[in-house]
Amino acid sequence: MIDERDELIERVAQALSPLPPKNARATAQILAAVRANRTRAPGRFALVFEWLRQPTFSVSSAGLLAAAALVIGFVTRGALSTLDQPLSVEASTSAALNAPAITATNAASDVNAVRAVPVEITFDAASAKSVSIVGDFNNWDAAVAPLTRFGSNGPWTVTVKVMPGRHLYAFVVDGKLVVDPRAPHTRDLDFGGDASVLMVNTP
Amino acid sequence: MNEIDASVPLRAKRGEEQAFIEIVDFYYPRCLRFARNMLQNDQDAEEAVQDAFVRVHNSFPRFREDARFDPWLFRILANRCRTLLSRGRRHRSLIEYGEVPVTAAAAQEDYGADWAEEVRVVLDSLPAEQKEAFLLRHVEDLSYEDISALTGVRLSALRMRVKRACDTLRARLTEVGQHDR
Amino acid sequence: MKKNSLNTHVTLAAAGALLVAFAGSRAGAQQEARVSAIRDDATRIVVVEQLSLAKEHGVPTEPLLSKALEGVAKKASSASIRTAMDNLQKRLRKANDLLAPSASVDEVSAGADALYVGVHDKTLRQMRQAAPRRSIAVELGVLTELVARKVPEAKASKMVLDLMARGATGAQLTALNSAVQNDVAAGLTPEAALDRHGRGILSLLPPPPGVTNGNPRPR
């Protein structure tokens, strides 16, 4: 057997070696997925949730969030079982984009047949003492979906069930309403300020 | 190769969440690199890495305290990549359907990335087991013994896979490499 | 002052009576509990009046109550909450009509949001016709977002309708929305971004029914 690492192979390895940067958002998503799996009974769990990947807007509540890097995660996972068993993944936005088109008849046959899907929410606010998510999916009630912390310094996470469609929401951080700086915003013409936009897809 | 302090996986095995966070933080870039190279699709790669870490977390009770963590992690990740590969390839570059270049910088990067792109094309043409063995050996820098432990393939067969991968890469990239100099 | 106080008590009593009327079902009982939890008397009266009105007109009350509670969470005045609920009520009624005969609560609510950002009545009707037997809440949500992000209404509506006609999935539509927002953030005009990604997704879909890729079949 020859020593296979000659100059060309060295160059190939170099071309394939650059490391992607650390990614706080991806880490938060992984931790959220771990938490979701730990707290959920085994069973198929799927959601499709698209998110703006490159936020470009300003943070309206910059003061409050100055010390808080905020991440909202989305998880699309099947039930996890044993180590070598294939993981069931129903679909993700990106997967569905590539999937063969289905016709309307494959979708829900009744306008009321749609069910709420679980959405994993992650919020990284190191200095916060309490975090809740409020939105039109929970009647803007901060008591409904408090986030809990992963580890001593980890992100805050919670799973909320949300009907497919477009939703407006905000976080309540230590009693104050704040928008999500990583999500699209929309002006709230009714009560002033901004609201964050969440798009949830049909599973 | 840069490995995490051996005490961290043991702390994670005992259920210490902070230790698991350290593991994710430490290994995420390497795992994503391997998954990207294997799957050639960022979304698939991110999915594989996320799945792998969730499985790592759930499987910690089975992690032997005297075992090394790297091969164990890569075993799980390689399994996830294989599953995704067998599930069928996604359309590789969805973005390509629009002809409008988003930024001039993107076009420049394309030019500079010719060699890397050629490498990826050839790598992608390799049988999955050759690609996996090549990446684990020459990019992730794992020893043949570690690769054998994580894949369950005999050393001689592994060496043959890597050799065949190298032969193909040499044959297909020599011309490009010469032009690129 | 005393008269005002008396009026308040009378109105509160009426509101209480309406609340009892609402509580006929489990959902009604939940709504009643939520309304009762509103501390401000004036706001509570406004909410009960608006919900009662919605019931009369066959308009779903959940989105209205949610709007009211959003106002409460944002510490809005009862007057602001009344105006917001009143405006939403009008849009809900309109959406309810446009999406008839089989609109779900989520669709009506999504339709009202679409009208809010300037989607035309005609579009809602066409979307219902394109998918009469399944929920189009996601499609309406995507259209709302596109128009809210300054994609011209006519272009956005046409693209969403074209995609629906070609059997695009909700996931494909939300991916379109995401891609458009990314491109707009990168400096493309909303219209160009929609065109770019809309065409991309259309190219992945089968041709519309009755259209073949090749020459028409001889009769």
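Residues numbered from 1 in each chain as written. Chains lettered and ligands numbered in written order. Predicted model: local features only at pLDDT ≥ 70, side-chain atom pairs only at ≥ 80, totals over all residues.

Draft legend 1. Examining the overall build of chain B more closely. Within chain B, the regular secondary structure consists of nine helices and zero strands. Out of the 181 residues belonging to chain B, those deemed buried represent 40%. The contacts of chain B with a sequence gap of at least 6 include a subset with a gap of at least 24, amounting to 67%. (Helix = DSSP H or I, 4+ residues; strand = E, 2+ residues; numbered from the N terminus. Buried ≥ 20, exposed ≤ 12 C-beta atoms within 10 Å, placed from the backbone. Contact = placed C-beta atoms within 7 Å.)

Draft legend 2. Spotlight on unusual backbone geometry. At the junction of Ala100(C) and Pro101(C), the peptide bond is cis and its omega measures out at 10° in the coordinates. Note that Pro101(C) resides in the loop between helix H5 (78–98) and helix H6 (105–117). Here Trp140(A), not a glycine, exhibits a phi torsion of approximately 55°, which is positive. The residue Trp140(A) is located in the loop between strand E3 (131–135) and strand E4 (148–149) in this model. Not every positive phi belongs to a glycine, and Gln40(B) is a case in point at roughly 55°.

Draft legend 3. Expanded view of helix H2 (residues 17–39) of chain B. Residues and elements named next belong to chain B. At Tyr 27, H2 is bent by approximately 50°, the largest bend along its length, and proline Pro 29 sits one to four residues beyond. Burial analysis of H2 places 17 of its 23 residues in the buried class, which makes it a mostly covered element. Residue Gln 40 follows H2 closely and has a positive phi angle near 55°. (Bend = angle between axes of the 7 residues up to and from the residue.)

Draft legend 4. Summary view of the pairing of strand E9 (residues 194–201) of chain A. All names here are of chain A. With eight of its eight residues buried, E9 lies for the most part within the structure. Alternating residues of E9 divide into Asp 194, Ser 196, Leu 198 and Val 200 and Ala 195, Val 197, Met 199 and Asn 201, and every residue in both groups is buried. Pairing geometry for strand E6 (residues 165–173) and E9, over five bridges, is antiparallel. Bridge pairing links Gly 165 to Val 200 in E9. Across three bridges, the pairing between strand E8 (residues 185–187) and E9 is antiparallel. Each bridged residue has a counterpart across the sheet, and for Thr 186 the counterpart in E9 is Ala 195. The antiparallel pairing of E8 with E9 creates a hairpin that spans six residues between the two strands, and Gly 192 there sits at a positive phi of about 85°. (Pairing = 2+ DSSP bridges.)

Draft legend 5. A look at the sheet that holds E4(A). Residue and element names in this part refer to chain A. Reading across the sheet, the three strands line up as E2-E5-E4 and stay open at both edges, with antiparallel pairing between neighbours. Of all the strands in the sheet, the pair left with one neighbour each is strand E2 (117–123) and E4. Sheet analysis places E4 next to strand E5 (residues 156–162), joined by two bridges and oriented antiparallel. Looking at E5, one finds that Thr 148 is bridged to Thr 157.

Draft legend 6. Just helix H10 (residues 170–185) of chain C, in detail. Taking 1.5 Å of rise per residue, 16 residues should cover 22 Å, and H10(C) covers 23 Å from first to last C-alpha, within 8% of that figure. Of the residues one or two after H10(C), Gly187(C) is the one with positive phi, at around 115°. (Expected span 1.5 Å × (residues − 1).)

Draft legend 7. How the structure looks around the environment of Ser59(B). Relative to the elements of secondary structure, Ser59(B) occurs in helix H3 (residues 42–59). Taking the number of C-beta atoms within 10 Å as the measure of exposure, Ser59(B) has 16 and is therefore partly exposed.

Draft legend 8. Local environment of the nonpolar core. In this structure, Ile133(A) and Leu143(C) are the most contacted members of the largest nonpolar core, which totals 91 residues. The element best represented in this core is helix H8 (residues 137–148) of chain C, accounting for eight residues. Filtering out sequence-adjacent residues up to four positions away, Ile133(A) remains in contact with Ile121(A), Ala145(A), Leu147(A), Val158(A), Val160(A), Tyr169(A) and Phe171(A). Among the nonpolar cores identified, the runner-up in size contains 57 residues, and Ile21(B), Met38(B), Leu135(B) and Ile147(B) belong to it. (Core = buried A, V, L, I, M, F, W, Y, C linked by C-beta atoms within 7 Å.)

Draft legend 9. Quick peek at the packing of helix H1 (residues 7–16) of chain A against helix H6 (residues 114–125) of chain B. Viewed as axis vectors pointing N to C, H1(A) and H6(B) meet at an angle of 100°, and their least axial separation amounts to 9 Å. With respect to H6(B), the element H1(A) is oriented roughly perpendicular. Contacts between H1(A) and H6(B) involve Val12(A), Ala15(A) and Leu16(A) from the first element and Trp115(B), Ala116(B) and Val119(B) from the second. Its residues placed into classes, the contact of H1(A) with H6(B) shows six nonpolar, no polar and no charged. (Axes fitted to C-alpha atoms, helices over the stretch in contact; angles between N-to-C directions. Parallel < 35°, antiparallel > 145°, perpendicular 65-115°, else oblique. Nonpolar A, V, L, I, M, F, W, Y, C, P; charged D, E, K, R; others polar.)

Draft legend 10. Local environment of the packing of helix H9 (residues 153–165) of chain C against helix H11 (residues 190–204) of chain C. Residue and element names in this part refer to chain C. As a packed pair, H9 and H11 sit with axes 11 Å apart at the nearest point and diverge in direction by 10°. Taken together, the axis directions place H9 and H11 in an arrangement best described as roughly parallel. Between H9 and H11, the residues in contact are Lys 155, Ala 156, Met 159, Asp 162 and Leu 163 and Glu 191, Leu 194, Gly 198, Ile 201 and Leu 202, respectively. When its residues are assigned to classes, the contact of H9 with H11 shows six nonpolar, one polar and three charged.

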